[in-house]
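So the chains spell out like this:
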Amino acid sequence: QVFFRPISNAAPPSSTKRQTKISVIGVGNVGMAIAQTVLTQDLTDELVLVDVNADKLRGEMLDLQHAAAFLPRTKILASVDYDITAGSDLCIVTAGARQIPGESRLNLLQRNLSLFRAVIPPLVRYSPDTILLIVSNPVDILTYVAWKLSGFPSNRVIGSGTNLDSSRFRFLIADHLDVNAQDVQAYIVGEHGDSSVALWSSISVGGIPVLSFLKKQQIAYEKETLEQIHKTVIDSAYEVINLKGYTSWAIGYSVANLARSIIRDQRKIHPVSVLAKGIYGIDGDVFLSLPSQLGRGGTLGITNVHLNEEETKRLKDSAKTILEVQGQLGI
Ligand code: 6V0
């Protein structure tokens, strides 16, 4: 019952525009940084939060709702029940178990596998046409798990993968060359984390391919400097976690950027975790990051970026490592 009508002669509700809906599963540091960025960037009409911790969930929902006066108009909902996610265009999964001191990676993975068994089937039941965007770690293996549990075609299951590693890489190159990171194109591919592969030949600044420019000008560059930049990228997550306990802002912006490309059908190319079977001679059902075009249909294609022999070998090695771990999961 509306008891107060501040606007008279209002036209009847005429909006026939299809509303967009994004659900974020897991309202920890990462889930909330994503939710926050999605809201400030006006990416959706409805934002749904789901978590198992009912009090934290309601607290986070209210805290965001109280910012309504400063945000684009977005309906914010939250529940521990998955029926609230019904009809989502995009489901972003950040729910994850925390590593117990001394726990092996495989044990943590087993716990995250059980967690995904509780999360993915209800998402699929309530939003059979949705796109799943997986952020929880180890992201490549959990993207494979989500693909298996969902029964979705692989184009609708995407892992945030090395999108974040690549943005760290672009920042460091930009910092080194004193240019804007948005003018730097550079890709890190492969496994998100320690065995990622930096594609040196892909680096360009303002359209100028950096390595071939240096070679043509016969300017010597040190391979060690390049390797050091890549090493800093790999170490950066550990450094931030050591300093503040978790990472949140960069992953928040990076995933919101993926959400924009998908929801708004931007057809932009992002290095994200996709089914890499048959590409660069990779054998087996393995998800790895490769530069991929994203749009309303999910992964629209994978770019044929040239990899040299060493890069191909590194990529295949990471695929092998991931497949070995997957083999022990029994899924
Ligand atoms: P966090 O702050 O511990 O939050 C995890 C949240 O998940 C908590 O609110 C839990 O209550 C919730 N949760 C646990 N079980 C369930 C369940 N069954 N259903 C719904 N919710 C549940 O962790 P944080 O937010 O820091 O990290 C979340 C995940 O993101 C972890 O797996 C990280 O490793 C991963 N990250 C991935 C990155 C990437 O680049 N892919 C980057 C950063 C973190």
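This one's a predicted model, so the numbers in the text were calculated from it and none came from an experiment. (Residues numbered from 1 in each chain as written. Predicted model: local features only at pLDDT ≥ 70, side-chain atom pairs only at ≥ 80, totals over all residues. Heavy atoms only, no water.)

**Q** Would you mind showing me how to read the overall build of the protein chain here?
**A** Helices and strands together make up the secondary structure of the protein chain, namely 9 helices and 12 strands. A globule of 331 residues ought to have a C-alpha radius of gyration of about 20 Å, and the protein chain, at 21 Å, matches this closely. Seen along its three principal axes, the alpha-carbon backbone of the protein chain occupies a region of about 75 × 45 × 40 Å. Across the 331 residues of the protein chain, 47% fall into the buried class. A sequence separation of at least 24 residues applies to 69% of the contacts in the protein chain between residues at least 6 apart. Here the protein chain displays about 17,100 Å² of accessible surface, and carbon together with sulfur accounts for 53% of that area. (Helix = DSSP H or I, 4+ residues; strand = E, 2+ residues; numbered from the N terminus. Rg over C-alpha atoms; globule rule 2.2 N^0.38 Å. Buried < 20%, exposed > 50% of the residue type's maximum accessible area, 1.4 Å probe, protein only. Contact = heavy atoms within 4.5 Å. Areas by Shrake-Rupley, 256 points an atom, 1.4 Å probe, with all protein chains shown as cover.)

**Q** Teacher, can you tell me more about the sheet that holds strand β9 (residues 208-209) here?
**A** Hydrogen bonding along the main chain pairs the strands of a sheet, whether they run parallel or antiparallel. Taken in spatial order, the 3 strands of this open sheet run β7-β8-β9, and their pairing is antiparallel. Unpaired on one side and paired on the other, β7 (184-189) and β9 mark the two borders of the sheet. Pairing of strand β8 (residues 197-205) with β9 involves 2 bridges; the strand directions are antiparallel. Within the sheet, the bridge partner assigned to Ser204 lies in β9 and is Pro209. Sitting on the sheet, helix α5 (residues 163-177) is in contact with β7 and β8, with an inclination near 140° to β7. Along the sheet, helix α9 (residues 309-327) contacts β7 and β8; its crossing angle with β8, the most-contacted strand, is approximately 135°. (Pairing = 2+ DSSP bridges. Axes fitted to C-alpha atoms, helices over the stretch in contact; angles between N-to-C directions.)

**Q** Would you take a moment to explain the pattern of salt bridges for this structure?
**A** Taken as a whole and assessed by the stated rule, the structure comprises 9 salt bridges. Across the salt bridge formed by Asp285 and Lys277, the nearest N and O atoms sit 3.3 Å from each other. Exposure remark for Lys277: the relative accessible area of 47% places this residue in the partly exposed category. Overlapping salt bridges bring together Arg18, Asp89 and Arg296 as one network. (Salt bridge = Lys/Arg side-chain N within 4 Å of Asp/Glu carboxyl O.)

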